[in-house]
Amino acid sequence: MQYQNPILSGFHPDPSICRVGKDFYLVTSSFEYFPGIPIFHSRDLVHWEQIGHCLTRNSQVHLVTGAPNCLNIYAPTIRYHEGTFYVVVTNVTGDNHGNFIVTATDPAGEWSEPIPLPFAGIDPSLFFDDDGKVYLASPKFFICRLDPSDYSRVMPETCRDVTQYMPVGDEPFEGPSLRKRNGIYYYIYIQNKGNIERDGAVPTLMGYMTAENPLGPYTYRGVIVTNYDYPASGNIHGSIEPFDGQWYVSYHMPVSELGLTRAACLDRIQFDDDGMIRRAEPTRSEEHTSA
């Protein structure tokens, strides 16, 4: 597989990617714009075509007129499971503010009416385990199991707080997600280092923890990627994704020398023999090749 960063130029914040067969699908935040949550399709991670939006009807979302820029629709995550696409997202303003899921059997649409989630905060993410159980990585930074017949319902006694396993002072958090590789569960999260700015940007990193059970207990392992090493300012936001037996970190990042802002990028990550992630080496426009 060959691709070139950024994989999607221009303003495409909070990219989330899933693969179904030979097809890649990518969604991004849409903030105050309508229709909401653009969805893109690719066969090679290089050439992307927008095929529609997930939020196309007033009944799906209420956007607040006159709200400050970059509010409303935050950080969607796309997943696929047994013939259905799922996008889980946050509306931070509006009468139906909160977290919800929309589904579709055809990613080009139409997408369903919202399924509300009973959690506050931002950036939820779904995880479908091999045994059919469905988990939510919560905006409030806990893991819980959802009722597969009613995603708005949490299974009793399945919520676990994961902040206790993170380094002291690592907050605030955003972008939680759960992945699995060779029987190991990886809890991924974004950490904004307080209010300390560097060149106008909040230093941001993507950290991770591992466990043998999706509900924990977790062990903190370290950093996957950070914006500390970038000359361009801006926050990082993304997750790790498996493609073709390889694993990649997807994220947005300003690329000032290319005149872009929040462009969607992708970088390969490596695992050691114990399943620990080696720190990714972000690049801008160099070609990546993998088997």
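Residues numbered from 1 in each chain as written. Predicted model: local features only at pLDDT ≥ 70, side-chain atom pairs only at ≥ 80, totals over all residues. Heavy atoms only, no water.

## Some details on the nonpolar core
Next up, step 1: Core analysis: the biggest nonpolar cluster contains 18 residues, and Ile 37, Ile 78, Val 87 and Trp 111 have the highest contact counts within it.
Next up, step 2: Going through the elements one at a time, β3 (23-27), β4 (36-42), β5 (49-55), β6 (73-81), β7 (84-91) and β8 (98-104) are the ones with two or more residues in this core. (Core = buried A, V, L, I, M, F, W, Y, C linked by side-chain atoms within 4.5 Å. Buried < 20%, exposed > 50% of the residue type's maximum accessible area, 1.4 Å probe, protein only. Helix = DSSP H or I, 4+ residues; strand = E, 2+ residues; numbered from the N terminus.)

## Description of the pattern of salt bridges
Next up, step 1: For the structure on display, the rule yields eight salt bridges.
Next up, step 2: Here Arg 79 makes a salt bridge to Glu 241, at a shortest N to O gap of 3.9 Å. Taken together, the residues span a long stretch of sequence, with Arg 79 in strand β6 and Glu 241 in strand β19 (residues 237-243) at a distance of 162 residues.
Next up, step 3: One continuous salt-bridge network, built from bridges that share partners, spans Arg 57, Glu 110 and Glu 113. (Salt bridge = Lys/Arg side-chain N within 4 Å of Asp/Glu carboxyl O.)

## Some thoughts on empty space enclosed by the protein
Next up, step 1: Scanning the entire structure with this criterion turns up one cavity of 30 Å³ or more.
Next up, step 2: In this model, the largest cavity occupies a volume close to 130 Å³.
Next up, step 3: If you trace the largest cavity, you find 15 residues lining it, with Pro 76, Thr 77, His 237, Gly 238 and Ser 239 closest to the centre.
Next up, step 4: By residue class, the composition of the lining of the largest cavity is five nonpolar, eight polar and two charged. (1 Å grid on protein atoms, 1.4 Å probe; cavity = no way out; pocket = protein on both sides within 12 Å on 5 of 7 lines; lining within 4 Å. Points joined across faces, edges and corners; volume = space filled by probe spheres on them. Nonpolar A, V, L, I, M, F, W, Y, C, P; charged D, E, K, R; others polar.)

## Topic: the layout of surface pockets
Next up, step 1: Put simply, the largest pocket is a space of about 380 Å³.
Next up, step 2: Considering the residues around the largest pocket, the lining is formed by 18 residues, among which Tyr 80, Phe 127, Phe 128, Arg 179 and Pro 242 are closest to the centre.
Next up, step 3: Listed by contribution, the elements that provide at least two residues to the lining of the largest pocket are β2 (16-20), β6, β10 (125-128), β15 (173-181) and β19.
Next up, step 4: The greatest single-element share of the lining of the largest pocket, amounting to four residues, is contributed by β6.

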